[in-house]
Amino acid sequence: AVGALRPALNLSDNANAQIARAAFLLATRNLADHPQLASAWSQTGVLHVATGADQSERMARIDAAHEFPHEYVASIDAEEALHRVGHRVARPGWWIPLGGWVQPVALCEALLAMNRDRIACRFGAEAAGFTHRESAWHVTDSRGSIIASAQTLILAAGQGMPQLGAMNAAALVPVRGQVTYLPPGDRRPLAAVVCGDGYVAPLPDGGHCVGATFQPNDADETLRARDHAQNLARLERMLPGFAAGLHPAG
């Protein structure tokens, strides 16, 4: 339902971190500049909690190495973190003021609505393959009929890549990730997204989304009580007592 909008920070500031920083700053600027997207996101800020002594030390080394401006990321103690998010946190952490949560479905719908003159959608059509001829890519259905054609083709089919005949594409590994939804409740207020050992984000209509498990080479989509238990455990490591009274099978 929601995802955390935040940059990646690491000690070496390698290509991954630089791309993530550029993407994060571009995304937050574009989201803020277009009122049409206002209902799809909220710039609550993101708190990244250190969930252990080793992580606290690592975060301190990153701070010392890069001296990022506080408008981008600032180190805060547990007392200030409590003030920022409205709940006791396990340890100090980073405050990322430009971050927040985004609703992926609502964002896609809003972006499509903004660009109807430039994007042609083909809903209700299942792509089964593609060919390249006459200087263009052609996406075809199971009968070989052309669904759409363009000079550039972007394949974003995840686990469906082999079904499209994209066997020469980069190797992809399915990763199962289950989230847990907490019901609305006055005793669980949260003013911002919290990350660390997983994440918890407020839902627009109340309640919270907690995630997520990470299980490579597992494509099973069945809900698992033990995965809910893992999510509640990682939530406890970030925000002690936040999920008190909740049962993973409830």
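Our structure's up above, just so we're on the same page.
Remember, predicted model here, so these are calculated numbers, not experimental data. (Residues numbered from 1 in each chain as written. Predicted model: local features only at pLDDT ≥ 70, side-chain atom pairs only at ≥ 80, totals over all residues. Heavy atoms only, no water.)

A. Geometry of the sheet that holds strand β6 (residues 100-102). Spatially, the 3 strands line up as an open sheet ordered β1-β6-β2, and their pairing is antiparallel. On the outer flanks of this sheet lie β1 (3-5) and β2 (41-42), each paired with one strand and no other. Sheet analysis places β1 next to β6, joined by 3 bridges and oriented antiparallel. Bridged to Gly 3 within β6 is Val 102. Packed on one face of the sheet, helix α1 (residues 15-33) meets β1, β2 and β6 and runs near 100° to β1. (Pairing = 2+ DSSP bridges. Helix = DSSP H or I, 4+ residues; strand = E, 2+ residues; numbered from the N terminus. Contact = heavy atoms within 4.5 Å. Axes fitted to C-alpha atoms, helices over the stretch in contact; angles between N-to-C directions.)

B. Spatial organisation of the packing of aromatic side chains. The full count for this structure, using the stated rule, is 3 aromatic pairs. Where Phe 68 meets Tyr 72, the ring centres are 5.2 Å apart and the plane angle is 70°; that geometry is what we call edge-to-face. In this pair, the class of Phe 68 matches that of Tyr 72, namely buried. An aromatic cluster is present here, built from Phe 24, Phe 68 and Tyr 72 joined pairwise through their rings. (Phe/Tyr/Trp six-rings, centres within 6.5 Å; stacked < 30°, edge-to-face > 60°. Buried < 20%, exposed > 50% of the residue type's maximum accessible area, 1.4 Å probe, protein only.)

C. Structural detail: helix α2 (residues 53-66). An ideal rise of 1.5 Å per residue puts 20 Å on 14 residues; α2 measures up with 20 Å between its terminal C-alpha atoms. Regarding α2, the residues found buried are Gln 55, Met 59 and Ile 62. Across the axial projection of α2, the buried residues extend over an arc of 55°, all falling on one side. In this structure, α2 carries Asp 54 and Ala 64 as exposed residues pointing more than 90 degrees from its buried face. Looking at the packing, one finds that the buried side of α2 touches β3 (46-49) and β5 (93-96). Trailing α2 by a residue or two, Glu 67 shows a phi angle of about 45°, which is positive. (Expected span 1.5 Å × (residues − 1). Arc of directions from axis to C-beta.)

D. Main features of the sheet that holds strand β13 (residues 198-202). Across the sheet, which stays open at both edges, the 7 strands sit in the order β4-β5-β3-β12-β13-β14-β11 with mixed pairing between neighbours. Two strands in the sheet have a free side with no partner beyond their single neighbour: β4 (74-76) and β11 (180-182). Between one strand axis and the next, the sheet turns by 20° as a mean value, whatever way the strands run. In the packing of helix α3 (residues 78-85) onto the sheet, the strands contacted are β3, β4, β5 and β12 (193-196), and the crossing angle to β4 comes to about 105°. Across the face of the sheet, helix α5 (residues 225-238) comes into contact with β3, β11, β12, β13 and β14 (208-211) while running at roughly 85° to β13.

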